[in-house]
Amino acid sequence: MEVKIGVQYAPRELVLESAQTPAEIEQIVTDALTNNGTLSLTDEKGRRVIVPVNKVAYVEIAEASPRAVGFVSR
């Protein structure tokens with residue numbers, strides 16, 4: 001699962017690959033926003049991303065698409 005987090009006043013979004021389901025990620029984001037604390041997600045490699053919810057601009061949850069390797073004709 002690919003998760004993109006837009007952070008206010010940051011020129012780039014945070015992108016991480018998560019093994020969690022979209023429903024689990026949505027619940028984590030909703031809980032963080034409700035509690036007005038921090039949004040904390042862990043990627044597939046065990047790295048943790050922590051963002052204060054008052055700086056979160058948006059969260060995009062999408063299926064991870066396999067990346068093409070080499071030359072691919074479409």
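For the structure, see preceding data.
Our subject in this report is the structure included herewith. Treat the numbers as computed from the prediction; the structure is a model and nothing was measured.

## Some details on the nonpolar core
Judged by nonpolar contacts, M1, V3, I5, L16, I25, V29, A32, L39, L41, V51, V53 and V56 together constitute the single largest core of 12 residues. Of all the secondary structure elements, the ones that give two or more residues to this core are β1 (2–7), α1 (22–35) and β3 (38–42). Tallying contributions element by element places α1 first for this core, with 3 residues.

## Let's talk about the side chain of S18
Relative to the helices and strands, S18 resides in the loop between β2 (14–17) and α1. Overall, S18 belongs to the buried group, its relative accessible area being 3%. A polar contact of 3.1 Å, which involves the side chain of S18, links it to the backbone nitrogen of Q20.

## Points about the sheet that holds strand β5 (residues 56–62)
With antiparallel pairing, the 3 strands of this open sheet are ordered in space as β2-β1-β5. Edge positions in the sheet fall to β2 and β5, since each has one partner strand and no second. Going across the sheet, the axis of each strand differs from the next one's by a mean of 15 degrees, ignoring polarity. Relative to β5, β1 is paired through 6 bridges, and the arrangement is antiparallel. In the strand pairing of β5, G6 is matched with Y58.

Scoring rules and cut-offs
Residues numbered from 1 in each chain as written. Predicted model: local features only at pLDDT ≥ 70, side-chain atom pairs only at ≥ 80, totals over all residues. Heavy atoms only, no water. Core = buried A, V, L, I, M, F, W, Y, C linked by side-chain atoms within 4.5 Å. Buried < 20%, exposed > 50% of the residue type's maximum accessible area, 1.4 Å probe, protein only. Helix = DSSP H or I, 4+ residues; strand = E, 2+ residues; numbered from the N terminus. Polar contact = N/O pair within 3.5 Å; in protein donor to acceptor, adjacent residues only side chain to side chain. Pairing = 2+ DSSP bridges. Axes fitted to C-alpha atoms, helices over the stretch in contact; angles between N-to-C directions.

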